[in-house]
Amino acid sequence: MTERTEQTVTAPSNGERRYEVVVVGGGAAGLSGALTLARARRSVLVIDAGRPRNAPAAHVRSYLTRDGVPPAELLATGRAEVTGYGGEVVKGDVVAAERLEGGDFRVVLEDGSSVVADRLLVTTGLVDELPRVPGLAERWGLDVLHCPYCHGWEVRDQAIGVLATGSFAVHQALLWRQWSEDVTLFLHTAPEFGAEEHERLAARGIAVVEGRVAALEVTDDRLTGVRLADGRVISRQAVVVTPRFTARSGLLTGLGLETTDQEMGGHVVGSHIAADPSGATALPGVWVAGNVAALTEQVIGAAAAGVRAGAAINADLIAEETRRAVAARRAADRHGHTREGTPTKDDAIPEEEFWDLRYGESDRIWSGNPNVILVREITGVEPGSALDLGCGEGADAIWLAQRGWRVTATDISGVALERAARHAAAADVAGLVDWQRHDLGSSFPDGVFDLVSAHFLHSPGDMPREKILRTAASAVAPGGTLLVVGHAGFPAWEHNPHPDVHLPTPEEVLESLELPDGEWEVLLCEEHDRIQNDPDGRPTTRRDNVLKVRRMKG
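What counts as what
- Residues numbered from 1 in each chain as written.
- Predicted model: local features only at pLDDT ≥ 70, side-chain atom pairs only at ≥ 80, totals over all residues.
- Heavy atoms only, no water.
- Axes fitted to C-alpha atoms, helices over the stretch in contact; angles between N-to-C directions.
- Helix = DSSP H or I, 4+ residues; strand = E, 2+ residues; numbered from the N terminus.
- Parallel < 35°, antiparallel > 145°, perpendicular 65-115°, else oblique.
- Left-handed = near helix turned anticlockwise from the far one by under 90°.
- Contact = heavy atoms within 4.5 Å.
- Nonpolar A, V, L, I, M, F, W, Y, C, P; charged D, E, K, R; others polar.
- Salt bridge = Lys/Arg side-chain N within 4 Å of Asp/Glu carboxyl O.
- Buried < 20%, exposed > 50% of the residue type's maximum accessible area, 1.4 Å probe, protein only.
- Pairing = 2+ DSSP bridges.

## Describing the packing of helix H4 (residues 168-176) against helix H5 (residues 195-203)
Direction vectors running N to C along H4 and H5 enclose 15°, while the axes themselves pass 10 Å from each other. Relative to H5, H4 is oriented roughly parallel. Where H4 crosses over H5, the handedness of that crossing is left-handed. Here Val 170, Ala 173 and Leu 174 of H4 come into contact with H5, specifically with Glu 197, Arg 200 and Leu 201. Looking at the contact of H4 with H5, its residues break down into four nonpolar, no polar and two charged.

## Points about the pattern of salt bridges
Between side chains of opposite charge, pairing is possible as soon as their charged atoms come close. Overall, the coordinates contain 26 salt bridges when judged by the stated rule. Between Arg 106 and Glu 98 there is a salt bridge; the shortest N-O distance is 3.0 Å. Assessed through its relative accessible area of 37%, Glu 98 is described here as partly exposed. The structure contains a network of salt bridges with shared partners spanning Arg 18, Asp 104, Asp 118 and Glu 418.

## So, the sheet that holds strand E14 (residues 233-235)
Pairing is antiparallel in the open sheet, where three strands are placed in the order E12-E13-E14. Each edge of the open sheet carries a strand with a single partner, namely strand E12 (213-219) and E14. For this sheet the average axis-to-axis angle between neighbouring strands, irrespective of direction, equals 30°.

## What about the sheet that holds strand E15 (residues 238-240)?
Pairing in this open sheet of five strands is parallel, and the strands run E8-E15-E9-E10-E11 from one edge to the other. The sheet terminates laterally at strand E8 (144-145) and strand E11 (207-209), the two strands that pair on one side only.

In short, shape yes, function no, at least from these values alone.
In C-alpha cells form, the structure reads like this:
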C-alpha cells in the first residue's frame, strides 16, 4: 500500500518459494510440459522422484529421431533443455498437495520443504501390477514384455509366450503374432475361452497350453522357458503379460480427484485420472499428462500430452492475468485514475482486492530500495522495535531488520506481504520481521514500538488516513519516534488530479494527530522536492512532506 520505486519476488510469508507452475514428475510428459512453459517465460519447477516407469528398459522405441535412445539419456537431455530456458528441476518425493485459500497450491516434499504454485501439472505415471508368477518381476522390461510397439521388433521371430490372466489375452496373442509365427498362449488363470476365440487362435497358428504357470525358467540371465504347475517346461524366449495399470494418483486423490477405470477393447486395463484433451482435470488449476491420465500412452505420446498441457496452462494463466488486469483497470477508474470513460458502480471492488490486483499486475512494483527519508532519519539510531505501516513489498522493513531492528510490518495486500517475506528470506532477516495483514482502518497491530513509520500511506479508496495515523501515534513507546512521509501534491504528469482527494501539508498532518501538549517533541515538519521519472522515463520534480515527532519520556 506504500509507494516505493520497483521490485521482484517469489515467496509466501513462511519463506516458501513460489512458482507459476510446479510439475510433479520428471518423465517425458513432465519435462515436455515444463519445456513448453519455460519457453513461454513461465517460472517452472519440476520435482522428480527419479523412478521412471521405463527404467528397466534399455531403449526408448518409436520416438521419431530418438528411436533406440536409452531412457536415462533421453531424460538427462530433457532436463538440460528445461533448465536451459530457466526452468528448475529438483529430485525429491512429493508427499502431499493442498489447495490454498485463493486457489493456489502448496506442494510438500518428503524432506518437509514445500513450494507454492499457481498451477499444477501432475505427470506421476503409473505402476505396473504384474501377475504373481515367480521370476516374472525380475525379467520385467527385459524379456517379460507387454507392448509390441515398444519391444516387438526386438523379439521378432522368437518363441513368444502370452500369459493369459483375462479374456484380453486372446487379443494380445493375435497382436504379437504380427512379430513372430511362434506364439503360444498359456491359459494360466484366464476364464475359459469360447469356440470363436479358439477358432481365431487356430487360424493364426497360435498354440494354446492349458494349466497354471508356476514360474519362469532363466539360464545365464536369459529367459529360456515357462514352467507349468504339472512340471512341464515350454521353451520360450520372451513372455508377454497384461499388467494392471494403476495410476500414481495419491497426490491427486489427496486434492479430491478420484480415479476412474480405463478400458481398452472393452476390457478394464487399470485406473487413471480423467481429464479433457488438454489434460485439464475436474479441479481448476490442476492438469495431468502421460500415463497418469492415459494408461497405454507410449513415450512419444506422453511427451506430446505434456506439450498440450503446458500450452493449455500458459493460456489459462494468460486468461487470469488478463482478467486481473481488466479488474485493476476498472478499479483504477473507480478510484479516479485518469482514463477516458466514466466509472460505473459495477466497477467497485473492495480495497483489499484492489491492492492485490495492483500487486498482481507484475512480479515487481517498487524498486526494492528503502525510502530515502527513512534512511536519512534513522541511520545511526539505536535499533529497537519498529512498526512499518503499509509495508508494500518490504524494502523499508528489510532495511531496518538488516540494522538490528525487530520489525512488525503490515499491509492490506496479501500478495505484497508474500513478496516481502520472500525478500526477507533472501536477505537472511526472515526471523526479524513479523508480516501481518491489516486493513488499518479496522484493525491494527498490538503493542508499542520505538519507531512507527508510515511512508506514502495513501490510497485512492476511502482509507481513513487521519484515524490510522492517530492510532499509529498511540503505538509509539515513550522516547520513541513517529515518522510520517507523504505526497504534498500530485505528479506533474497527472492531468486530471482527483478533485475529492486532499494531500495534506506536514502542518496539517501534525494538527490531525491531536497530540497532547507537553508529551511530544516535533523534530521535523517540512516539505521537500525529489526527482521522479514520469511514465515515459523523463525526470520530473515531485513534492513530498515529512513529519518526525518523538514521544517524551516520563
